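Chain by chain, the residues run as shown.
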Amino acid sequence: MTDAASLPGQPRGLVTSGAATARAVNVLAPNPSAMTLDGTNTWLLSEPDSDLAVVVDPGPLDEGHLRHVVDTAEKLGKRIALTLLTHGHPDHAEGAGRFAELTGTSVRALDPALRLGDEGLGEGDVVTVGGLELRVVPTPGHTSDSLSFHLPADRAVLTGDTILGRGTTMVAHPDGRLGEYLDSLRRLRSLTVDDGVRTVLPGHGPVLEDAQGAVDFYLAHRRSRLAQVETAVLAGHRTAPEVVAHVYADVDRSLWPAAELSVRAQLEYLRERGVL
């Protein structure tokens, strides 16, 4: 058995509902799959001595899950006062409208189409609820509307799908762009260097105890994949499906459609830089 401490980012272990840090509680959605790993992590955030809470990514439109999030907050003596979204993919955001009905909250997101209420989210914003402070960190690349949330009191960052607790994420071309994604990873790395971030609270998979190690792994993985894609094209594999079949031959074929999106983003990135 591999020691978790030797894995990228030092994953904590099994993905379960429950407390992850002093201010973050995970409520795991019942939507496991090859793409969502164990399911969507819905994050309930609050100051320990406050009766107000924030929910990040209520998850899919699953009535049982949404009510379970509300029940979890109530059992902790909390009232949900605000809903935030890391991005608009259905496994994170589809349940937001119904969740807003259940909780009477507004929904804040980067994409205006996802908002319920007058306020959005953008670079430099600081969200405060019941003494809790969350700093908004734009991290486009997986999608154009992807955000992360820096939780300074716990030296943690909520990364949505930008960094996962296990494996790597896709760049959802054409909305997602590889250049932006690499910049976002570097921005997250700066949080580990300049702001002392140690813990990743991902949108899927286990909590990561070594945030900097996770980012470094992702950057190295992208460099390796780019080199493989470039080599594949120079060897005559011209189309994205051809490159996927060559480069991702050892990957479960059920993941090839997602891999093809990332390959298209990589091909675009290499062409823009005159490499191909």
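Residues numbered from 1 in each chain as written. Predicted model: local features only at pLDDT ≥ 70, side-chain atom pairs only at ≥ 80, totals over all residues. Heavy atoms only, no water.

Chemist: Which residues make up the environment of Glu 272, and what are the values?
Modeler: When you line up the elements, Glu 272 lands in helix H7 (residues 256–272). A residue is classified by how much of its surface remains accessible, and Glu 272, at 46% relative accessible area, is partly exposed. Taking the C-alpha atoms as reference, Glu 272 lies 32 Å from Ala 93; in sequence the two are 179 residues apart. At a separation of 2.7 Å, a polar atom in the side chain of Glu 272 contacts the side chain of Arg 177. Of note is the side chain of Glu 272, whose polar atom sits 3.5 Å from the side chain of Arg 273. (Helix = DSSP H or I, 4+ residues; strand = E, 2+ residues; numbered from the N terminus. Buried < 20%, exposed > 50% of the residue type's maximum accessible area, 1.4 Å probe, protein only. Polar contact = N/O pair within 3.5 Å; in protein donor to acceptor, adjacent residues only side chain to side chain.)

Chemist: If you had to explain the side chain of Ser 50 to someone new, which residues and values would you point to?
Modeler: Among the secondary structure elements, Ser 50 is positioned in the loop between strand E3 (41–45) and strand E4 (52–56). There is a polar contact of 3.0 Å between the side chain of Ser 50 and the backbone nitrogen of Leu 52. Apart from the residues lying within four places of it in its own chain, the contact partners of Ser 50 are Lys 78 and Gly 130. (Contact = heavy atoms within 4.5 Å.)

Chemist: Could you give me a rundown of the pairing of strand E11 (residues 199–202), with the residues and numbers involved?
Modeler: Where burial is concerned, the two faces of E11 agree: the one with Thr 199 and Leu 201 and the one with Val 200 and Pro 202 are both buried. Judged from the 4 bridges that link them, strand E10 (residues 156–160) and E11 form a sheet pairing that is parallel. Across the sheet, the residue bridging to Val 157 is Val 200, located in E11. (Pairing = 2+ DSSP bridges.)

Chemist: Report on the environment of Glu 209, specifying residues and quantitative values.
Modeler: On the secondary structure map, Glu 209 appears in the loop between E11 and helix H5 (211–234). Of the residues examined, Glu 209 reaches a relative accessible area of 34% and is grouped as partly exposed. Setting aside anything within four residues of it in sequence, one finds Glu 209 in contact with Gly 9, Gln 10, Arg 12, Arg 198 and Thr 199.

Chemist: Residues and numbers for helix H1 (residues 63–75), please.
Modeler: Given a rise of 1.5 Å per residue, 13 residues ought to cover 18 Å, and the 18 Å separating the end C-alpha atoms of H1 matches this to within 8%. Of the positions making up H1, those classed as buried are His 65, Leu 66, Val 69, Val 70, Thr 72 and Ala 73. The buried residues of H1 occupy one face: seen down the axis, they fall within an arc of 155 degrees. When the buried face of H1 is taken as reference, the exposed residues oriented beyond 90 degrees from it are Glu 74 and Lys 75. Between a side-chain oxygen at the N-terminus of H1 and the backbone nitrogen of Gly 64 the separation is 3.1 Å; the capping residue is Asp 62. Phi for Gly 77, located one or two positions after H1, is positive at around 75 degrees. (Expected span 1.5 Å × (residues − 1). Arc of directions from axis to C-beta.)

Chemist: Quick one: what's the story with the sheet that holds strand E2 (residues 24–28), residue by residue and with numbers?
Modeler: What holds strands together in a sheet is hydrogen bonding between their backbones, with the strands either parallel or antiparallel. Spatially, the 6 strands line up as an open sheet ordered E1-E2-E3-E4-E5-E6, and their pairing is mixed. Pairing within the sheet leaves two strands with one partner each, and these edge strands are strand E1 (18–19) and strand E6 (107–108). As paired strands, E1 and E2 are joined by 2 bridges and run antiparallel to one another. From the neighbouring strand, Ala 19 faces E2, where its bridge partner is Val 25.

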